[in-house]
Amino acid sequence: MMETDMPVRFFLGANTPAGFVGYLDDLYDCRDGWRAYLIKSGPGSGKSTLIRTVMQHMVRLGYDAEAILCSSDPQSLDGVVFRQLKLCLFDATAPHIIEPHYWGAVEQIVNLSACSDGSLLYERREGVREASDACSALHARCRRFLGAAASLLSDNARTALEYTDADKISRSAARIAAREFGSSHAGEGREWRRFLSAVTPQGMLTFHETLQSLCPRIYSLEDEYGASSRLLLAELRQRALDAGLEIFTCACPLSPADKPEHLLIPSLGVGFTTSNSWHKADFPVYRRVHAARFTDMEALRQKKQRLSFNRRAARELIGEAVTLLEGAKQVHDQLESYTKEATDWEMVNETTLWVLAEFTRIAEEAALG
């Protein structure tokens, strides 16, 4: 089951028009006392179960958990972060490969691959290869559909931008920042990049519960075309960093390079979310800021036919991308079956107990100061 009982959930990576984009460098900070346990093994070897077991154990000990879910299978965990302890456990295999920067000093390898019978997997290499290649081909087709959808939605954003008052947005951002961020805070600003939304086999998912849990005071930016919200969020992001705040910036999976969609500032309990037909903020918020405030709506209505066509076509294309991800998930399940049959689950349990002991030890050391 999806971890719906966990209020703080993010994607660290997402399916995008450019392929898989992952903010792997933002999982932990090698120079700030973090420790990372990196799991290495193939699909179906118990990685997600190990992560879930450790997460549940640490939550019982009283630590807040940030669950990292897999965008290609939201029922599966890619990792868990315990920010209070500067500690994380992560599936560091493709497509989200992480290699240690400081062996042993910062990162430890959790080698579940050693729990698999390599001879048996070699005997079934043709099935493994065919399933792996088929899964890659489906993801490649998915990227093409996402790219086409992104092109249409970008056209809508560019069109709306022509009738958007950027100076008015800048003044609004300055007022909000002055009210919410206050004077400068101690230290430098720090940004953690995540995805709060992703295109998955279950459709477009957005973890609004995370936003509500971390940010009781939410500004909902009501913007169907993503022109005003993009500018407003970009400026609020920079102002928050300049004020020395720690922030979570969450990009749009269809335009991860240049379109922020959500901004979370847990230390202040303040969050900003883009609300539209793709991920509607249909829950109580502190304030709704409508794009119409910054837009010449009369002029934009002259483009209504083109905007509507682009939006309908993009929805169909994303629907096809979701269908392809469903197919990729089914093929991946077959791939997992090969590894499951070749896995020594007693060895996996022993490894799980070692990781649990490590995390318990680190928590006890932290409690002792």
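Owing to the predicted nature of the structure, the values given are computational and were not obtained by experimental measurement. (Residues numbered from 1 in each chain as written. Predicted model: local features only at pLDDT ≥ 70, side-chain atom pairs only at ≥ 80, totals over all residues. Heavy atoms only, no water.)

**Some remarks on the layout of surface pockets**
Part 1: Its boundaries defined by the atoms lining it, the largest pocket holds a volume of some 1100 Å³.
Part 2: As for the largest pocket, its lining consists of 47 residues, and the residues nearest its centre are Pro43, Cys70, Ala94, His332 and Glu336.
Part 3: Elements with a contribution of two residues or more to the lining of the largest pocket: β2 (13-16), β3 (19-22), α1 (47-60), β6 (73-82), α3 (125-161), α8 (304-341) and α9 (345-368).
Part 4: Ranked by residue count, the leading element in the lining of the largest pocket is α8, at eight residues.
Part 5: Classifying every residue of the lining of the largest pocket by side-chain character gives 14 nonpolar, 23 polar and 10 charged.
Part 6: Lining the second largest pocket are 15 residues; nearest its centre among them are Val8, Asp64, Arg83, Leu214 and Pro266.
Part 7: Among the residues forming the lining of the second largest pocket, the class breakdown is eight nonpolar, three polar and four charged. (1 Å grid on protein atoms, 1.4 Å probe; cavity = no way out; pocket = protein on both sides within 12 Å on 5 of 7 lines; lining within 4 Å. Points joined across faces, edges and corners; volume = space filled by probe spheres on them. Helix = DSSP H or I, 4+ residues; strand = E, 2+ residues; numbered from the N terminus. Nonpolar A, V, L, I, M, F, W, Y, C, P; charged D, E, K, R; others polar.)

**Brief notes about empty space enclosed by the protein**
Part 1: Overall, the coordinates contain three cavities of 30 Å³ or more when judged by the stated rule.
Part 2: Within this model, the largest cavity holds a volume of roughly 220 Å³.
Part 3: Lining the largest cavity are 20 residues, with Leu153, Cys252, Lys259, Glu261 and Trp278 positioned closest to its centre.
Part 4: Ranked by residues supplied to the lining of the largest cavity, first place goes to α3 with five residues.
Part 5: Classifying every residue of the lining of the largest cavity gives nine nonpolar, six polar and five charged.
Part 6: Empty space within the second largest cavity amounts to approximately 40 Å³.
Part 7: Around the second largest cavity, the lining residues are Leu221, Glu222, Asp223, Ser228, Ser229, Leu232, Val289, His290, Ala291 and Phe294.
Part 8: Listing elements by their share of the lining of the second largest cavity, those giving two or more residues are β12 (217-222), α6 (228-242) and β16 (287-290).
Part 9: It is α6 that provides the largest number of residues to the lining of the second largest cavity, a total of three residues.

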